[in-house]
Amino acid sequence: MRLLQQMMEKKINLSNEFMLKKSYLRGISHFYGAYNLAVSLVDFNEDFKITKIRQKVWKRFFLSSSNKKILSKLMDFMRKDRKVINMAFNQIEEQDKDKEEGLGDLDRPLAIGVVSYDFPE
Amino acid sequence: MEKLKSILPLTSQTCLAKLGMWCSERLSVENYFLMESLDVLISDVGEDYVKKKCKETGKDWDKTKEVIEKMRKLMPKVKTFYDAISNKTFEKKEDPKNKLQNEIKKYFKKYAIKVSLIQKDIYDLFILLAKNTPLGRQTIRAESFKILEHLTHKKIEYGKKRFGEEAVKKE
């Protein structure tokens, strides 16, 4: 799942960057790109009402990006939705840990001598 | 461990490049690139395989296909109008002098709004395919991210002098 992690990280980084530069429209759009991936990865069942309200608010903000009231509403949604993204990152990390354990301990102290092998004369 | 479905190296390269564009784009245009990478993946893996996997995971392939078809009609419109916008900041108020640009922005907004912010069916399908193919274990190259990041914000300036213009003047 390295690909999904990379995609989500990239989107979140871009979102943070745009939010800092005060171009909120782009920032929010990038954030919900990562959120889309996270929702599908965690298989999060979102309430249909919340989805509908968020879509409505997004629509209004898309048409009038300078409206501060709508922006604060969207920020509230983002604050709540961040949890799902964190859940997705945790899930990826746990999956990766399981794989590492399967490979075994690579730097065991007894295995060090194996590297210095003497060839027979 | 479940066996992964192999895909052609060219397919994975194309998909990764398009996903790099997905990371760089925004305002519903990113879905265009996701759709393209999905199309490439499905054509390689085969629709029957996708159908089978959807059945195994309890997802409705017919419903997903319907959503994909809808998006296939809508996304090119969004993309064409988005590409024609010269100032992609969207922060400034409309310029009364540039009527054509205002019209293009208007049409872009008209179609982009129709694309839902949450596209669960499409992303579910993408993750399903990424999990069952080697694509999920690969990473996107740094160059793929740069393509749009460096180009879209800059205005493309064509050469001021036209080829052969000086020769014509001399004559």
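Here the structure is shown first, and the text comes after it.
Rules and cut-offs
Residues numbered from 1 in each chain as written. Chains lettered and ligands numbered in written order. Predicted model: local features only at pLDDT ≥ 70, side-chain atom pairs only at ≥ 80, totals over all residues. Heavy atoms only, no water. Core = buried A, V, L, I, M, F, W, Y, C linked by side-chain atoms within 4.5 Å. Buried < 20%, exposed > 50% of the residue type's maximum accessible area, 1.4 Å probe, protein only. Helix = DSSP H or I, 4+ residues; strand = E, 2+ residues; numbered from the N terminus. Contact = heavy atoms within 4.5 Å. Buried area = accessible area lost by both parts, 1.4 Å probe. Salt bridge = Lys/Arg side-chain N within 4 Å of Asp/Glu carboxyl O. Polar contact = N/O pair within 3.5 Å; in protein donor to acceptor, adjacent residues only side chain to side chain. Nonpolar A, V, L, I, M, F, W, Y, C, P; charged D, E, K, R; others polar. 1 Å grid on protein atoms, 1.4 Å probe; cavity = no way out; pocket = protein on both sides within 12 Å on 5 of 7 lines; lining within 4 Å. Points joined across faces, edges and corners; volume = space filled by probe spheres on them. Expected span 1.5 Å × (residues − 1). Bend = angle between axes of the 7 residues up to and from the residue.

Trainee: When you look at the nonpolar core in this model, what are you seeing that I'm missing?
Mentor: Here is a general trend for soluble globular proteins: nonpolar side chains tend to be buried in one another's company. Among the nonpolar cores identified, the biggest contains 77 residues, and Leu125 and Phe126 of chain B are the most heavily contacted of them. The element contributing the most residues to this core is helix H2 (residues 24-42) of chain A, with 11 residues. If we skip the residues at most four places from it in the chain, phenylalanine 126 of chain B touches Leu3, Leu4, Met7 and Leu37 of chain A together with Leu19, Leu34 and Leu38 of chain B.

Trainee: Can you walk me through the interface of chain B and chain A in this structure?
Mentor: By convention, interface size is frequently given as the accessible area that disappears when the constituent parts associate. Counting from both sides, the interface comprises 39 residues of chain B and, opposite them, 36 residues of chain A. Across the chain B/chain A interface, buried area totals approximately 3,500 Å², and carbon plus sulfur atoms make up 64% of it. Among the residues of chain B in contact with chain A, Ile113, Leu117 and Ile118 of chain B are the three that bury the most area, contributing 20% of the side total. Inspection of the chain B/chain A interface yields 1 salt bridge. When the shortest N-O distance is used, the salt bridge between lysine 120 of chain B and aspartate 43 of chain A registers 3.4 Å. Joining chain B to chain A, the criterion identifies 11 residue pairs in polar contact (both at pLDDT 80 or more). Taken together, the elements giving at least two residues each to the side of chain B that touches chain A come down to helix H1 (9-24), helix H5 (99-112), helix H6 (120-132) and helix H7 (142-151) of chain B. Per-element tally for the side of chain B that touches chain A: the top contributor is H6 of chain B, with 7 residues. Among the residues making up the side of chain B that touches chain A, the classes are represented as 19 nonpolar, 9 polar and 11 charged.

Trainee: Even after reading the chapter, I still don't get the layout of surface pockets, so can you show me in this structure?
Mentor: Rolled over the atoms, a probe as big as a water molecule pinpoints where empty space is left. Residues and elements named next belong to chain B. By volume, the second largest pocket amounts to about 480 Å³. What lines the second largest pocket is a set of 19 residues, among which Lys63, Val67, Gln119, Lys120 and Asp121 lie closest to the centre. Looking at the lining of the second largest pocket, the elements that each hand over two or more residues are helix H4 (61-84) and H6. Counting residues per element, the lining of the second largest pocket draws most heavily on H4, which supplies 6 residues. The residue inventory of the lining of the second largest pocket, partitioned by class, reads 7 nonpolar, 3 polar and 9 charged.

Trainee: Hey, could you run me through H4 of chain B in this one?
Mentor: Given 3.6 residues to a turn, an α-helix orients residues that are three or four positions apart in the same direction. Residue and element names in this part refer to chain B. Look at H4: 35 Å from first C-alpha to last across 24 residues, which is about the 34 Å you get at 1.5 Å a residue. The sharpest bend along H4 measures roughly 30 degrees and falls at arginine 72, with the proline proline 76 sitting one to four residues further on. The complete set of buried residues in H4 reads Trp61, Thr64, Ile68, Met71, Leu74, Met75, Val78, Lys79 and Tyr82. Here the buried face of H4 lies against helix H2 (30-45), helix H3 (47-57), H5 and H6. At the N-terminal boundary of H4, the capping side chain belongs to aspartate 60, with an oxygen 3.4 Å from the backbone nitrogen of aspartate 62.

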